[in-house]
Structures are given as structure tokens and as C-alpha cells.
Amino acid sequence: YNGQTPGPTLEAVEGDRVRILVTNHLPEPTTVHWHGFILPNGMDGVGGLTQKHIPPGETYAYEFTLKQHGVQMYHPHSDEMVQMAMGMQGFFVIHPKDGYKPAVDRHFCIFLQEWFVEPGTSTPNPNIMTDFNLFTFNSRVWPGTDPLVVKLNQRVRISLANLSMDSHPIHFHGHHGWLVGTDGGPVPQSAWVPQTTINVPPGTTQTLEFVADNPGDWAFHCHKNHHAMNVMNHEIANLIGVNQEGVSEKVRSLVPGYMAMGQAGMHEMSEMNMGGPKNTLPMMTGTGQFGPISMGGMFTVLKIRDGITSYEDPGWYKHPDGPVASKV
Ligand SMILES: [Cu+2]
């Protein structure tokens, strides 16, 4: 949308009347569905059912009044499988007309996505149904994901949206938070459920709120372990505990450069870059102040700091008072 994925985050206030012009620059028809909106049926954007598909080159108008508040999505309802797999999706945040209670200081929006990009190619393959190889926050994999920079004691909202084929249980460290809203609207405060992991099923948004009262660098990631890694072959043999002594030399006489790996686990993958076809990524990557972080995919760092004056990346946490686990 507008040359980017996710598309631009649209923001408006409950009660606003909005008019959205959609010009189809695709080589095939499309529509835009306003996911979770209470609106007139003819504005719902389901091609063939509630409107004509928008032909290539034409502009259609959607116009409706926002009768609700919450974090919603927009996406095509015309050749959905291909168009969503190619990245057509975006947030539409409707703010409450009376403000948030309690007031919120920082609000992040993160789209959870999965892709299959054949190594050496650059076009996502929409025909893949289960075995994806790239898992992204706002179309980026760790360590290219943005850090979530927050001032100490701020009240933070993180809205998570999912139009992929799998659920994504998003886990955050060092804090307890609450599920405060979905694409079905706000959850009354009396019903807030304490959480450290928010599961985000396909076709939903889930909004997490917490008070950032514990300074540090806190991991923030999908808890499906294969989703917090980059491209890997899922059909390799399991070599954990297998004595590979002498095997490397024998195989190397047939396959130059062969390395036997995996006997003790996969950590060694995070310390070497084995190279690969163009446009591929190491399976585990990113380096912190204490060594390789051995993650990828849906992973970023929530950086909570006292005394910062901007939201630029403040670098690694310096542990001024706190202990750090170390050799005894
Ligand atoms: Cu996931």
C-alpha cells in the first residue's frame, strides 16, 4: 500500500467521518476491507459480495463514520491469498474521543507476518501454506527490527496484528501487562487479564498495556521458537548427540568446504556466517554486548531507560546498579 508493507498506519478519532480514496495500481482487481469496523454493508469492501472489484487503474471511494474506537486493520478482500501474502495490510487506529483512561504515553503498532522467499529470489511465494521461512515484525527480521524505546515509568501500549497463516504468541520480559483490547474493541478495565504472553490468532489485533517500571534491555519476541529465527531447512537430519568425528574429512573429499555441525546444538550457527545464496539471511544472528544473541525473525528489544530525552536507540543497557549473571 503506497509502496510499503505494512501500509501507512491510518489514525482518526471516534466520531470522525472518513473518506478514503483507493487507486488500484495492481495488474489485477482489488478491494479494501475495513476489518472489525461497524459500518454500512456497502462499505465493507468484499469484492463481488458488497461491491464491484476495483479494476486496475481505477479509483474507488470509501466513506463512513467511525462509530467505535480501537485498533483495526485494512486489507484486500479480492484475491486475498496472493495480495495479503505479498504484504497488503495495514493498521487503522481509532482513538477514543474522550482520551485513554488511564492516559497512555507510548503506543507501538506491530504487524506479525510470515513469508516464503525461496533462497536466491526476492518474490514472496503466496502458494506456501505452512512451511514459511521468514517471520517478521513490520516486514523486518531481527536484528533489522526497530527497538521499542521507552522512558522509565511510562504507560505503554503495544498493538499486534496478524493476517498470516499461524497464530503468534508474543512474549515480553521483565514486566506483567494486560490484554486491554482486540479488533472487537476495548476490554473494560475490570476484565483486564494479567499476561506475559499475548497470543495473536490470524485475523485479529491484540493490544497489550503495561507500566515500564523495570529499566533494561528486555527481549520481545514470538514464543513459537522457529518464528524467532531466520531461514532454515526443516528437513535436515537431527545430529544432536551424534559423534561426527572423521565425517567432515570424508564428506569434504566429495563436497569442498563441508562442515559437520549440530552435535551439541545450533548455537555455533550464531557465531559463524556460512554464506548462502543471494538474498538469504543467517538462521540466527544479532550481537549484544555479551556476545551473539542467536535469534532472528520475530524478535526485538524493549529498551527502558531513565533520563533519556529522545526515542533514538540508546544502545545497550549499562546495568548501573543491577547484577549481571556471571561465572562463580
Ligand atoms: Cu510466531
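Rules and cut-offs
- Residues numbered from 1 in each chain as written.
- Predicted model: local features only at pLDDT ≥ 70, side-chain atom pairs only at ≥ 80, totals over all residues.
- Heavy atoms only, no water.
- Helix = DSSP H or I, 4+ residues; strand = E, 2+ residues; numbered from the N terminus.
- Buried < 20%, exposed > 50% of the residue type's maximum accessible area, 1.4 Å probe, protein only.
- Contact = heavy atoms within 4.5 Å.
- Areas by Shrake-Rupley, 256 points an atom, 1.4 Å probe, with all protein chains shown as cover.
- Lys, Arg positive; Asp, Glu negative; His and termini not counted.
- Charge placed at Lys NZ, Arg CZ, Asp CG, Glu CD.
- Donors = N, O, S within 2.8 Å, 3.2 Å for Na, K, Ca; no water.
- Salt bridge = Lys/Arg side-chain N within 4 Å of Asp/Glu carboxyl O.
- Pairing = 2+ DSSP bridges.
- Core = buried A, V, L, I, M, F, W, Y, C linked by side-chain atoms within 4.5 Å.
- Phe/Tyr/Trp six-rings, centres within 6.5 Å; stacked < 30°, edge-to-face > 60°.
- Lys NZ or Arg CZ within 6 Å of the ring centre and 35° of its normal.
- Axes fitted to C-alpha atoms, helices over the stretch in contact; angles between N-to-C directions.

Observations concerning the overall build of the protein chain
Helix and strand counts for the protein chain stand at 2 helices and 20 strands. Expressed as lengths along the three principal axes of its C-alpha atoms, the size of the protein chain is roughly 70 × 55 × 35 Å. The 328 residues of the protein chain split such that 44% are buried. When contacts within the protein chain are restricted to residue pairs at least 6 apart in sequence, those whose partners lie at least 24 apart make up 73%. When the accessible area of the protein chain is evaluated, it comes to approximately 17100 Å², of which 55% is carbon and sulfur surface. Of the side-chain charges in the protein chain, 19 are positive and 29 negative, and the distance between the mean point of each set is 4 Å.

Section: the coordination of the copper ion
The protein atoms that coordinate the copper ion are His168 (ND1), Cys222 (SG) and His227 (ND1), at distances of 2.0 to 2.1 Å. Taken in sequence order, the residues that donate to the copper ion follow the motif H-x53-C-x4-H. For Cys222, a relative accessible area of 1% puts it in the buried group. Classification of His227 as buried rests on a relative accessible area of 7%.

A look at the pattern of salt bridges
Inspection of the entire model under this criterion finds 7 salt bridges. Ionic pairing is found between Glu63 and Arg17, a salt bridge with its closest N-O pair at 3.0 Å. Remark: Arg17 occurs in strand β2 (residues 17–23) and Glu63 occurs in strand β4 (residues 59–65); sequence separation between them is 46 residues. On the accessibility criterion, Glu63 (27% relative accessible area) is partly exposed. Arg17 sits in the exposed class, given a relative accessible area of 53%.

Considering the pairing of strand β20 (residues 299–305)
In terms of burial, β20 is largely enclosed, as 7 of its 7 residues are buried. The alternating pattern of β20 places Phe299, Val301, Lys303 and Arg305 on one face and Thr300, Leu302 and Ile304 on the opposite face, and all of these are buried. As judged from the 4 bridges shared by strand β9 (residues 148–151) and β20, these two strands associate in the parallel manner. Directly across from Leu148, in β20, lies its bridge partner Leu302.

Considering the nonpolar core
Core analysis: the largest hydrophobic core is formed by 25 residues, its most contacted members being Ile110, Leu112, Ile158, Leu160, Ile170 and Phe220. Residues in contact with Leu160, not counting those within four places in the same chain, are Phe91, Ile110, Leu112, Ile170, Ile198, Val200, Thr204, Thr205, Gln206 and Phe220. Core analysis: the second largest hydrophobic core is formed by 17 residues, Val18, Ile20, Tyr62 and Phe64 among them.

Looking at the packing of aromatic side chains
As enumerated under the stated definition, the model contains 13 aromatic pairs in all. Both rings, one in Trp178 and one in Trp192, keep their centres 5.5 Å apart while their planes meet at 40°; by these two values the pair is tilted. Of this pair, Trp178 sits in strand β12 (residues 177–182) while Trp192 is found in the loop between β13 (185–186) and β14 (193–195), placing the two residues 14 residues apart along the sequence. Its guanidinium or amino end placed over the ring of Tyr311, Arg106 lies 3.5 Å from that ring's centre, counting from NZ or CZ. Here the basic side chain of Lys303 rests over the ring of Trp316, its NZ or CZ set 4.5 Å away from the ring centre.

A look at the sheet that holds strand β1 (residues 10–13)
Taken in spatial order, the 4 strands of this open sheet run β1-β6-β5-β3, and their pairing is mixed. Sheet topology places β1 and β3 (33–35) at the edges, where each strand pairs with a single neighbour. Each neighbouring strand pair of the sheet contributes to a mean axis angle of 25°, computed without reference to strand direction. Note that β1 and strand β6 (residues 90–95) share 4 bridges and pair parallel. For Leu10, the partnering residue across the bridge sits in β6 and is Phe92.

Things to note about the sheet that holds β9
Taken in spatial order, the 5 strands of this open sheet run β9-β20-β17-β11-β15, and their pairing is mixed. Taken across any chain shown, the strands that pair with only one partner, and hence form the sheet edges, are β9 and β15 (197–200). Neighbour-to-neighbour, the strand axes of this sheet turn through a mean angle of 20°, independent of strand direction. Sheet analysis places strand β11 (residues 168–172) next to strand β17 (residues 216–222), joined by 3 bridges and oriented antiparallel. Counted as the bridge partner of Phe172 is Phe220 from β17.

Observations concerning the pairing of strand β10 (residues 155–162)
Taken across its 8 residues, β10 has 8 buried, putting it largely inside the fold. Burial of the side chains of β10 extends over both faces: Arg155, Arg157, Ser159 and Ala161 are buried on one face and Val156, Ile158, Leu160 and Asn162 on the other. Bridge analysis of strand β7 (residues 106–115) against β10 gives 7 bridges, and the strand direction is parallel. Note on β10: the bridge partner recorded for His107 is Arg157.

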